[in-house]
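The chain contents come next:
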Amino acid sequence: SPTHCARVSVFPAAQVMLTLTNYWSEFGGMAQYVRWSRGLPDGTQVDSSAFFTDERAQQLYIDFITTVTTRVNTLTGVPYCNDPTIHSWDLANEPRCDSDSSASAIAAWIDKTAAHVKGLDSNHMVTVGMEGFFGNSTPDLQSANPYPAQHGVDFVRDFRSPHIDFACIHMYADQWCPCKDDDSACVSWSVKWVQSHIQVCERYLGGKPLVLQEFGKRPAGRGRTALFTEMSGLLSQSCSSSGVLQGALVWMFAHESYPDYDGYTVYSRGAPDQSVVDQCTQPVVEDKHSVALLCQMCRAVARVETS
């Protein structure tokens, strides 16, 4: 939490991007707001997309945002809206609304919600953790999507909101690449996915900054190293030339005592502790190459921030 992160002296420059809700059911997500709105018991099956047509669910979420952004850090006495530990507010992780082929519901929600956050906090940036699917506003780009579905989102339309400070995309070749069993094809597809969004931010969004908010490759090994090498190269080149790609966040970096549950985990020492090996989903291999590449990416961003 930002309350404790501000006091972790080993990372004096650490900042957090606070994600305010999740489309997926982990930690409750948007479906939980719908349950509360409709008086349904916890665990009741609810389509998260219903959130975007449920005004009461959205108001409960707005009330939560207001509480969080105005909260006072109990350790420092600084309100979150003034807390330098916070880098930005992320409205939601991977929002989708498959029932809305026009992609209007999410676009309107992003604009309205981001404006609300900005009204409470003018000190921090606002974004939304979109996956990056192109929509009806750019029909010529829809062929770049990993598959035909757009999930009720529209990358260009969503990030044109004046209340959104930077664009985000996610990238998971293991799920999205048509040739997902071919490491070389996955790497090639991933590079094109990121490059297409760089070009779109330059052409359609007036040079709005872009963050590769989630990316990963499983399992650990040569395929992951190759992918991380390409992502490091893209980020370093963009940062050194004042390009729009200004950051990248791996999914996921964890302490060695945290068991890998989805095959994507990267550990700072290259492998998990023996005490959790039996709980890990991927073969345990030394993966120090990935750690070194992630450190290289951090240095590229840090040079921009200090220049």
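Sequence order as written defines residue numbering, which begins from 1 separately in each chain. Whole-chain, interface and lining totals are the exception, using all residues; otherwise, since this is a predicted model, local features are given only for residues with pLDDT of at least 70 and side-chain atom pairs are given and counted only at 80 or more. Note that water and hydrogens are dropped before the side-chain values are worked out from all heavy atoms of the structure.

### Describing the nonpolar core
Nonpolar side chains in soluble globular proteins generally cluster together in the buried interior. Formally: Throughout this description, the term nonpolar core refers to a set of buried Ala, Val, Leu, Ile, Met, Phe, Trp, Tyr and Cys residues connected via side-chain atoms within 4.5 Å. In this scheme, a residue with accessible area under 20% of its type's maximum is buried, one over 50% is exposed, and one in between is partly exposed, where area comes from a 1.4 Å probe on protein chains only. Only DSSP runs of H or I with at least four residues qualify as helices, and only runs of E with at least two residues qualify as strands; both kinds are numbered from the N terminus onward. By definition in these notes, contact holds between two residues if any of their heavy atoms fall within 4.5 Å.
By size, the foremost hydrophobic cluster in this structure holds 75 residues, and its most contacted members are Phe51, Leu91, Trp109, Phe155, Phe159, Phe215 and Met231. When residues in this core are grouped by element, the largest group, nine residues, is from helix H7 (residues 183-203). Setting aside its immediate chain neighbours within four residues, phenylalanine 51 contacts Met30, Tyr33, Val34, Ala57, Gln58, Tyr61 and Trp109.

### Observations regarding the pairing of strand S2 (residues 86-93)
Where we set the bar: If DSSP finds at least two bridges between two strands, the strands pair. The handedness rule is simple: strands pointing away from the viewer, and a clockwise path from the first strand over the helix to the second, make the crossover right-handed.
With seven of eight residues buried, S2 lies mostly within the body of the structure. Where strand S1 (residues 16-19) lies against S2, four bridges are found, and the strand directions are parallel. Paired with valine 16 across the strands is isoleucine 86, a residue of S2. With four bridges joining them, S2 and strand S3 (residues 125-129) adopt parallel strand pairing. Paired with asparagine 93 across the strands is glycine 129, a residue of S3. In the classification by handedness, the crossover that spans S2, the intervening helix H4 (residues 104-120) and the parallel S3 is right-handed.

### Quick word on the sheet that holds S1
The following threshold applies: Lines fitted to the C-alpha atoms define the axes, with helices restricted to the stretch that makes contact. Angles between their N-to-C directions range from 0 to 180 degrees.
The sheet built from three strands is open, its strands ordered S1-S2-S3 with parallel pairing. Lying at the two open borders of the sheet, with one neighbouring strand each, are S1 and S3. Averaged over all adjacent pairs, the angle separating strand axes in this sheet is 30°, with direction ignored. Its contacts with the sheet put H4 on S2 and S3, and the angle it makes with S2 is roughly 150°.

### Examining the sheet that holds strand S6 (residues 245-250)
Pairing is parallel across the open sheet formed by three strands, whose spatial order is S4-S5-S6. Both outer strands of the open sheet, strand S4 (167-171) and S6, are each paired with one neighbouring strand and no more. Each strand of the sheet is rotated relative to its neighbour by a mean of 20°, with strand direction disregarded. Here strand S5 (residues 210-215) pairs with S6 via four bridges, running parallel. The residue bridging valine 211 from the neighbouring strand is glycine 247, located in S6. Along the sheet, H7 makes contact with S4, S5 and S6, crossing S4 at roughly 170°.

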